[in-house]
Amino acid sequence: MTGMGLLFNTAADAATKTLDGQAIFDRNCTVCHAMNPPPKSAPPIIGVISQYHNKFQTKEDGLNHLVAYLKLPKKQDAVEPQAITRFGLMPPSPLSESELKAVAGWVWDQYNPAMGACGGFRGQGRMNKSCN
Ligand code: HEC
């Protein structure tokens, strides 16, 4: 068990080291997503990722959902479905699986616990009114 875990972690670490999640974000996501409010043509990342931290207990679960969403956004899978009403559905990302994992990992780590699990930008970046 521990042996397997070690092997798995080493492979994952190697993948994140060769691919810079922030650089991928800057090149592929900032055209629509700002980090902080005001929004561009998509919800600001800082609010969205708070919702992810609120909904998923582990980084692994959060990243699995996030990578699947980036590949093929579906309304029923959205953590912030209200954002679709406001901005329209996000187009599927053309990035590879390993690029998506790297960028999702970076985005996940942008969460700032000091802002609270619901983002702290009431009525701006945060559209899930049930998140209180
Ligand atoms: C062409 C514009 C566009 C690009 C490029 C784009 N997004 Fe989005 N994204 C959106 C829109 C619009 C939404 C809100 C509607 C939705 O959730 O589908 C969204 C929603 C999201 C969400 C919330 C999903 C949820 O569960 O509610 C995340 C996280 C996200 N984007 C991350 C990214 C990342 C990371 C990239 C770069 C790899 C990226 N986006 C590139 C437009 C874009």
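That block above? That's the structure.
Attention here is on the structure that accompanies the text. Values in this document were obtained by computation on a predicted structure and should not be read as measured data.

**Focus: the site of the ligand**
Line of reasoning, step 1. The environment of the ligand is made up of 28 residues, and the closest members are Cys29, Cys32, Ala42, Val79 and Met90.
Line of reasoning, step 2. Counting residues per element, the ones that place at least two in the shell around the ligand are α2 (21-28), α4 (59-71), α5 (81-87) and α6 (97-109).

**Considerations on helix α3 (residues 45-55)**
Line of reasoning, step 1. Burial of α3 is extensive: eight of the eleven residues sit out of reach of the surface.
Line of reasoning, step 2. All buried positions along α3 are accounted for by Ile45, Ile46, Gly47, Val48, Ile49, Ser50, Gln51 and Tyr52.
Line of reasoning, step 3. Looking at the packing, one finds that the buried side of α3 touches α4 and α6.

**Concerning unusual backbone geometry**
Line of reasoning, step 1. For the bond running from proline 37 to proline 38, omega is 5°, close enough to zero to count as cis.
Line of reasoning, step 2. Mapped onto the secondary structure, proline 38 falls in the loop between α2 and α3.

**As for the packing of α4 against α6**
Line of reasoning, step 1. With their axes 9 Å apart at the nearest point, α4 and α6 run at an angle of 125° to one another. As summarised for this structure, α4 and α6 are arranged oblique, according to the angle between their axes. The handedness of the crossing between α4 and α6 comes out as right-handed. Seen from α4, the contacting residues are Lys59, Gly62, Leu63, Leu66, Val67, Leu70 and Lys71; seen from α6, they are Leu100, Lys101, Ala104, Gly105 and Trp108.
Line of reasoning, step 2. The residue inventory of the contact of α4 with α6, partitioned by class, reads seven nonpolar, two polar and three charged.

**Some words on the packing of α2 against α6**
The angle between the axes and the distance between the axes are what describe a pair of packed helices.
Line of reasoning, step 1. With their axes 8 Å apart at the nearest point, α2 and α6 run at an angle of 100° to one another. Between α2 and α6, the angle falls in the class roughly perpendicular. Residue-level contacts link Gly21, Gln22, Ile24 and Phe25 of α2 to Glu99, Ala102, Val103, Gly105, Trp106 and Val107 of α6.
Line of reasoning, step 2. Counted by class, the contact of α2 with α6 contains six nonpolar, three polar and one charged residues.

**A word on the environment of serine 41**
Line of reasoning, step 1. Relative to the elements of secondary structure, serine 41 occurs in the loop between α2 and α3.
Line of reasoning, step 2. For serine 41, a count of 11 C-beta atoms within 10 Å puts it in the exposed group.
Line of reasoning, step 3. Residues serine 41 and threonine 30 lie eleven residues apart in sequence; the distance between their C-alpha atoms is 9.8 Å.
Line of reasoning, step 4. Ignoring any residue separated from it by four or fewer positions in sequence, one finds serine 41 in contact with Cys32 and Phe87.

**Some remarks on the environment of serine 93**
Line of reasoning, step 1. As for its placement among the helices and strands, serine 93 is situated in the loop between α5 and α6.
Line of reasoning, step 2. For serine 93, a count of 18 C-beta atoms within 10 Å translates into the label partly exposed.
Line of reasoning, step 3. Apart from residues no more than four positions distant in its own chain, serine 93 is found in contact with Asn28, Leu70, Lys71 and Leu100.

Cut-offs applied
Residues numbered from 1 in each chain as written. Predicted model: local features only at pLDDT ≥ 70, side-chain atom pairs only at ≥ 80, totals over all residues. Near = placed C-beta within 6 Å. Helix = DSSP H or I, 4+ residues; strand = E, 2+ residues; numbered from the N terminus. Buried ≥ 20, exposed ≤ 12 C-beta atoms within 10 Å, placed from the backbone. Contact = placed C-beta atoms within 7 Å. Axes fitted to C-alpha atoms, helices over the stretch in contact; angles between N-to-C directions. Parallel < 35°, antiparallel > 145°, perpendicular 65-115°, else oblique. Left-handed = near helix turned anticlockwise from the far one by under 90°. Nonpolar A, V, L, I, M, F, W, Y, C, P; charged D, E, K, R; others polar.

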